[in-house]
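Spelled out, the chains give:
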Amino acid sequence: MKFNWVISGDTNPTIKKACIDLEYRLRPRITKFLLSRLDNECHGDFSSFHFDVDITNQWVWISEKTPSGYIEKIKADFDSEINGSALFSVA
């Protein structure tokens, strides 16, 4: 699983710390979400999954770098489970 941080402006130590803190909160939630839907297909290997994270709004999108077959299987529930909104987010 890879995160692309969407940051406006310069990165400074405070922003870097915020990214680390947010990743530590997101990674277990997203892993649990993916395991519940795709464990039989991925066997715990989520290296094909890419996510774009807006650090300012703390919003996560499924990146278009993620294989489209996986996007189709997770898009219905991703935003409500991860972002707390029913909007569909593919960056």
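Draft legend 1. Main features of the environment of L34. Tracing the chain through its elements places L34 in helix α1 (residues 13-42). Put simply, L34 and I20 are 14 residues apart on the chain and 21 Å apart in space, counted from C-alpha to C-alpha.

Draft legend 2. Representation of the pattern of salt bridges. Summed over all chains, the structure comprises 5 salt bridges. Here D77 ties to R37 by a salt bridge, and the two come within 3.5 Å at their closest N and O atoms. Highlighted residues: D77 in helix α2 (residues 68-83) and R37 in helix α1, separated in sequence by 40 residues. The salt bridge partner of E72 is K75, with a shortest N-O separation of 3.1 Å. With a gap of 3 residues between them, E72 and K75 both fall in helix α2, about one helical turn apart. Taking relative accessible area as the criterion, E72 reaches 49% and is therefore assigned partly exposed. You can call K75 partly exposed: its relative accessible area is 29%.

Draft legend 3. Highlighting the nonpolar core. By size, the foremost hydrophobic cluster in this structure holds 21 residues, and its most contacted members are I30, L34 and F51. For this core, the elements supplying multiple residues, two or more each, are α1, β2 (50-54), β3 (59-62) and α2. Looking at this core, the element that brings in the most residues is α1, giving 8 residues. Ignoring sequence-local partners within four residues, the contact set of L34 consists of M1, D39, F46, F49, F51 and I74.

Draft legend 4. Up close: the packing of aromatic side chains. Applying the stated criterion across every chain, the model contains 7 aromatic pairs. Centroid distance F3 to F51: 6.1 Å. Interplanar angle 35 degrees. Geometry classified as tilted. Of this pair, F3 sits in strand β1 (residues 2-6) while F51 sits in strand β2, and the two are 48 residues apart along the sequence. By relative accessible area, which is 14% here, F3 ends up buried.

What counts and how
Residues numbered from 1 in each chain as written. Predicted model: local features only at pLDDT ≥ 70, side-chain atom pairs only at ≥ 80, totals over all residues. Heavy atoms only, no water. Helix = DSSP H or I, 4+ residues; strand = E, 2+ residues; numbered from the N terminus. Salt bridge = Lys/Arg side-chain N within 4 Å of Asp/Glu carboxyl O. Buried < 20%, exposed > 50% of the residue type's maximum accessible area, 1.4 Å probe, protein only. Core = buried A, V, L, I, M, F, W, Y, C linked by side-chain atoms within 4.5 Å. Contact = heavy atoms within 4.5 Å. Phe/Tyr/Trp six-rings, centres within 6.5 Å; stacked < 30°, edge-to-face > 60°.

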